[in-house]
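So you can see what is in the structure, the chains are spelled out below.
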Amino acid sequence: GTAESIAVVILIGFSVDYVVHLCHAYMESHNMDRDNRTRDALAKMGFSIVGGAITTFGDGCMLFFCVLIFFFKFAWIVTSTIFFALLWSLLFLPALMMIIGPEKDTGDLRVYARRLKRWYEERKVQNKK
């Protein structure tokens, strides 16, 4: 009902938070290969992600003792969201990044801008001929 709708809207951020932090650390890694980038991302963000998950999960568990139904339902949604987000971000996502994660300069917009500029200049020279 209404309680679940409010809770789901609030928890959308929780569901992607760990993945976004891990992916950002992956992209900011100075390594060029997938394996080392993934290891760097886990080394830099892994403890922070686990720490955040533990505290948020613990907060959600405290809500199980509330008398109001809204907070009890919210506790279920918070704890299950945090559990699955942690599972996804520390087990499935690193495996996925090691298999198909971007390598080298893939995804770097500055590289694409340079390539586009170079292509445009070459086209301009060709059109002058």
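Here, the structure is the one placed above.
Let me begin by describing the structure that accompanies this report. (Residues numbered from 1 in each chain as written. Predicted model: local features only at pLDDT ≥ 70, side-chain atom pairs only at ≥ 80, totals over all residues. Heavy atoms only, no water.)

1. Quick notes on the packing of helix H1 (residues 2-28) against helix H2 (residues 34-62)
Argument step 1. Across the interface, H1 lies against H2 with an axial gap of 7 Å and an inter-helix angle of 150 degrees. In this view, H1 runs roughly antiparallel relative to H2, as classed from their interaxial angle. For the pair H1 and H2, the sense of crossing is right-handed. Between H1, through Phe-14, Tyr-18, His-21, Leu-22, Ala-25, Tyr-26 and Met-27, and H2, the contact on the second element is made entirely by Arg-34, Arg-37, Thr-38, Ala-41, Leu-42, Met-45, Ile-49, Gly-52, Ala-53 and Thr-56.
Argument step 2. Split by residue class, the contact of H1 with H2 holds 11 nonpolar, four polar and two charged. (Axes fitted to C-alpha atoms, helices over the stretch in contact; angles between N-to-C directions. Helix = DSSP H or I, 4+ residues; strand = E, 2+ residues; numbered from the N terminus. Parallel < 35°, antiparallel > 145°, perpendicular 65-115°, else oblique. Left-handed = near helix turned anticlockwise from the far one by under 90°. Contact = heavy atoms within 4.5 Å. Nonpolar A, V, L, I, M, F, W, Y, C, P; charged D, E, K, R; others polar.)

2. Comments concerning a nonpolar patch on the surface
Argument step 1. Nonpolar side chains collect at one region of the surface, where Trp-88, Phe-92, Leu-96, Met-98, Ile-99 and Ile-100 lie side by side and expose about 580 Å² of accessible area between them.
Argument step 2. Within the element layout of this structure, Leu-96 appears in helix H3 (residues 69-100).
Argument step 3. The class for Leu-96 is partly exposed, based on a relative accessible area of 30%. (Patch = residues over 30% accessible without salt bridge, like charges linked within 9 Å, V, L, I, M, F, W, Y side chains within 5 Å. Areas by Shrake-Rupley, 256 points an atom, 1.4 Å probe, with all protein chains shown as cover. Salt bridge = Lys/Arg side-chain N within 4 Å of Asp/Glu carboxyl O. Buried < 20%, exposed > 50% of the residue type's maximum accessible area, 1.4 Å probe, protein only.)

3. Quick look at the nonpolar core
Argument step 1. Membership of the largest hydrophobic core comes to 19 residues, with the highest contact counts inside it found for Tyr-18, Leu-22 and Phe-74.
Argument step 2. Contributions of two or more residues to this core are made by H1, H2 and H3.
Argument step 3. A per-element tally of this core places H3 first, with eight residues.
Argument step 4. With sequence-adjacent residues up to four places away left out, Tyr-18 is seen in contact with Ile-49, Gly-52, Ala-53, Thr-56, Ile-82, Ala-85, Leu-86 and Ser-89. (Core = buried A, V, L, I, M, F, W, Y, C linked by side-chain atoms within 4.5 Å.)

4. A word on the packing of aromatic side chains
Argument step 1. Summed over all chains, the structure comprises six aromatic pairs.
Argument step 2. Considering the side-chain rings of Phe-64 and Trp-76, the 5.1 Å spacing of their centres and the 80 degrees angle between planes classify their relative orientation as edge-to-face. Here Phe-64 is found in the loop between H2 and H3, whereas its partner Trp-76 is found in helix H3, with 12 residues between them in sequence.
Argument step 3. Where Trp-88 meets Phe-92, the ring centres are 4.3 Å apart and the plane angle is 45 degrees; that geometry is what we call tilted. Here Phe-92 and Trp-88 lie together in helix H3, a separation of four residues that amounts to about one turn.
Argument step 4. Under the relative-accessibility criterion, Phe-92 is labelled partly exposed at 40%.
Argument step 5. Grouped by ring-pair contacts, the aromatic residues Phe-64, Phe-72 and Trp-76 constitute a single cluster.
Argument step 6. In this structure, Arg-37 packs its charged tip against the face of Tyr-26, placed 5.2 Å from the ring centre. (Phe/Tyr/Trp six-rings, centres within 6.5 Å; stacked < 30°, edge-to-face > 60°. Lys NZ or Arg CZ within 6 Å of the ring centre and 35° of its normal.)

5. Considerations on the pattern of salt bridges
Argument step 1. Applying the stated rule across the entire model yields one salt bridge.
Argument step 2. With its nearest N and O atoms 3.7 Å apart, the salt bridge here joins Glu-103 to Arg-34. You can see Glu-103 sitting in the loop between H3 and helix H4 (109-128) and its partner Arg-34 sitting in helix H2, a full 69 residues away along the chain.
Argument step 3. The exposure class of Glu-103 is partly exposed, given its relative accessible area of 30%.

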